[in-house]
Amino acid sequence: NAGVTQTPKFQVLKTGQSMTLQCAQDMNHNSMYWYRQDPGMGLRLIYYSASEGTTDKGEVPNGYNVSRLNKREFSLRLESAAPSQTSVYFCASSLNYNEQFFGPGTRLTVL
Amino acid sequence: GENVEQHPSTLSVQEGDSAVIKCTYSDSASNYFPWYKQELGKGPQLIIDIRSNVGEKKDQRIAVTLNKTAKHFSLHITETQPEDSAVYFCAPNSGGSNYKLTFGKGTLLTVNP
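Being a predicted model, the structure only gives us computed values, none of them experimental.

1. Considering the overall build of chain B
Next, step 1: Helix and strand content of chain B: 0 helices and 10 strands.
Next, step 2: Ordered by position in the sequence, the α and β elements of chain B form the string β-β-β-β-β-β-β-β-β-β.
Next, step 3: For chain B, whose C-alpha radius of gyration is 13 Å, the value lies close to the compact-globule estimate of 13 Å for 113 residues.
Next, step 4: In terms of principal-axis extent, the alpha carbons of chain B reach across some 40 × 30 × 20 Å.
Next, step 5: A total of 113 residues make up chain B; the buried ones form 43% of that total.
Next, step 6: Pairs at least 24 residues apart make up 54% of the contacts formed inside chain B by residues separated by at least 6 positions.
Next, step 7: A gap of 8 Å separates the mean positions of the 11 positive and 12 negative side-chain charges of chain B.

As structure tokens, then:
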């Protein structure tokens, strides 16, 4: 099993550009999550999907949209990137009751 | 929302010593208390967790203790090894949710050989 995979690993955008971060898991997990990690800030939840067909806002959803494409895939979209969105983005998944498995991360720089 | 604080923010120990990291939280509805380890350039990985009906849990050199009354839980690592060097995060769940974890800001542990 590959676990949780994320693409791309690195990305540089100009202010105002759009992009989609992809996440997939092969563990048949019900729930999926998107976090961002900034220096000294820990991880902050952007959006989550408790089950296929549902999505909910987390702590810092502004400037992002998500799509739960199917049980395996959960994508994060930046419609108009801003320098404040420079961060490392992590996708995670869980089967039941909190234990979350994380992907390797996407390092995004917005100039 | 949940307010989570970790102490210390950095910790340096000699190989073989013990390390203790403390996490305080504010939400009395929290009932799940995990610790994650993040190595450089990787995603966080769960190393141990505890639920509110248990006061302590051990897994080899790692243990977690919970004091629900005082709203804090701690990570204990004994006989530390260089490979324990990493950033450790506590992440209690918010409002008893099955989904929302609130991460602390992390503790950088350095184990000196």
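2. Here we look at the pairing of strand β9 (residues 86-90) of chain B
Each regular strand carries side chains that alternate between the two faces of the sheet.
All names here are of chain B.
Next, step 1: In terms of burial, β9 is a largely internal element, 4 of the 5 residues being buried.
Next, step 2: Judged from the 4 bridges that link them, strand β4 (residues 32-38) and β9 form a sheet pairing that is antiparallel. Directly across from Tyr36, in β9, lies its bridge partner Phe89.
Next, step 3: The pairing of β9 with strand β10 (residues 107-112) spans 3 bridges and is antiparallel.

3. A look at the state of the cysteines
Next, step 1: On inspection of all chains with the given rule, the structure shows 2 disulfides over all chains.
Next, step 2: The disulfide partner of A:Cys23 is A:Cys91, and the S-S distance across this bridge is 1.9 Å. One quick way to see it: the torsion about the S-S bond of A:Cys23 and A:Cys91 is about -75°, and its sign makes the bridge left-handed. Separated by 68 residues along the polypeptide, A:Cys23 in strand β3 (residues 19-25) and A:Cys91 in strand β9 (residues 87-94) bring together distant segments of the chain.
Next, step 3: Assessed through its relative accessible area of 3%, A:Cys23 is described here as buried.
Next, step 4: Given the relative accessible area of 0%, A:Cys91 is considered buried.
Next, step 5: A sulfur-sulfur separation of 2.1 Å characterises the disulfide bridge that pairs B:Cys23 with B:Cys90.

4. Brief notes about the sheet that holds strand β8 (residues 74-78) of chain A
Residue and element names in this part refer to chain A.
Next, step 1: Pairing is antiparallel in the open sheet, where 4 strands are placed in the order β1-β3-β8-β7. Looking along the sheet, the strands with just one partner apiece sit at the ends: β1 (4-7) and β7 (65-68). The sheet shows a mean angle of 15° between the axes of neighbouring strands, direction not considered.

5. Comments concerning the pattern of salt bridges
Residues and elements named next belong to chain B.
Next, step 1: Inspection of every chain in the model, using the stated rule, returns 7 salt bridges over all chains.
Next, step 2: Here Lys42 ties to Glu39 by a salt bridge, and the two come within 3.5 Å at their closest N and O atoms.
Next, step 3: Using a relative accessible area of 48% as the deciding quantity, one classes Lys42 as partly exposed.
Next, step 4: Close ionic contact of Asp84 with Arg61 constitutes a salt bridge, the shortest N to O distance being 2.9 Å. In this pair, Asp84 is assigned in the loop between β8 (72-77) and β9 and Arg61 in the loop between β6 (56-59) and β7 (62-67), connecting sequence segments 23 residues apart.
Next, step 5: Given the relative accessible area of 7%, Asp84 is considered buried.

6. Thoughts on the interface of chain A and chain B
Next, step 1: Residue-level contacts link 21 residues of chain A with 19 residues of chain B.
Next, step 2: Across the chain A to chain B interface the summed buried area is about 1700 Å²; carbon plus sulfur atoms make up 55%.
Next, step 3: One can count 0 salt bridges joining chain A with chain B.
Next, step 4: In this structure, the connection of chain A to chain B is made through 3 residue pairs in polar contact (both at pLDDT 80 or more).

Reading the values: rules and limits
- Residues numbered from 1 in each chain as written.
- Chains lettered and ligands numbered in written order.
- Predicted model: local features only at pLDDT ≥ 70, side-chain atom pairs only at ≥ 80, totals over all residues.
- Heavy atoms only, no water.
- Helix = DSSP H or I, 4+ residues; strand = E, 2+ residues; numbered from the N terminus.
- Rg over C-alpha atoms; globule rule 2.2 N^0.38 Å.
- Buried < 20%, exposed > 50% of the residue type's maximum accessible area, 1.4 Å probe, protein only.
- Contact = heavy atoms within 4.5 Å.
- Lys, Arg positive; Asp, Glu negative; His and termini not counted.
- Charge placed at Lys NZ, Arg CZ, Asp CG, Glu CD.
- Pairing = 2+ DSSP bridges.
- Disulfide = S-S within 2.5 Å.
- Axes fitted to C-alpha atoms, helices over the stretch in contact; angles between N-to-C directions.
- Salt bridge = Lys/Arg side-chain N within 4 Å of Asp/Glu carboxyl O.
- Buried area = accessible area lost by both parts, 1.4 Å probe.
- Polar contact = N/O pair within 3.5 Å; in protein donor to acceptor, adjacent residues only side chain to side chain.

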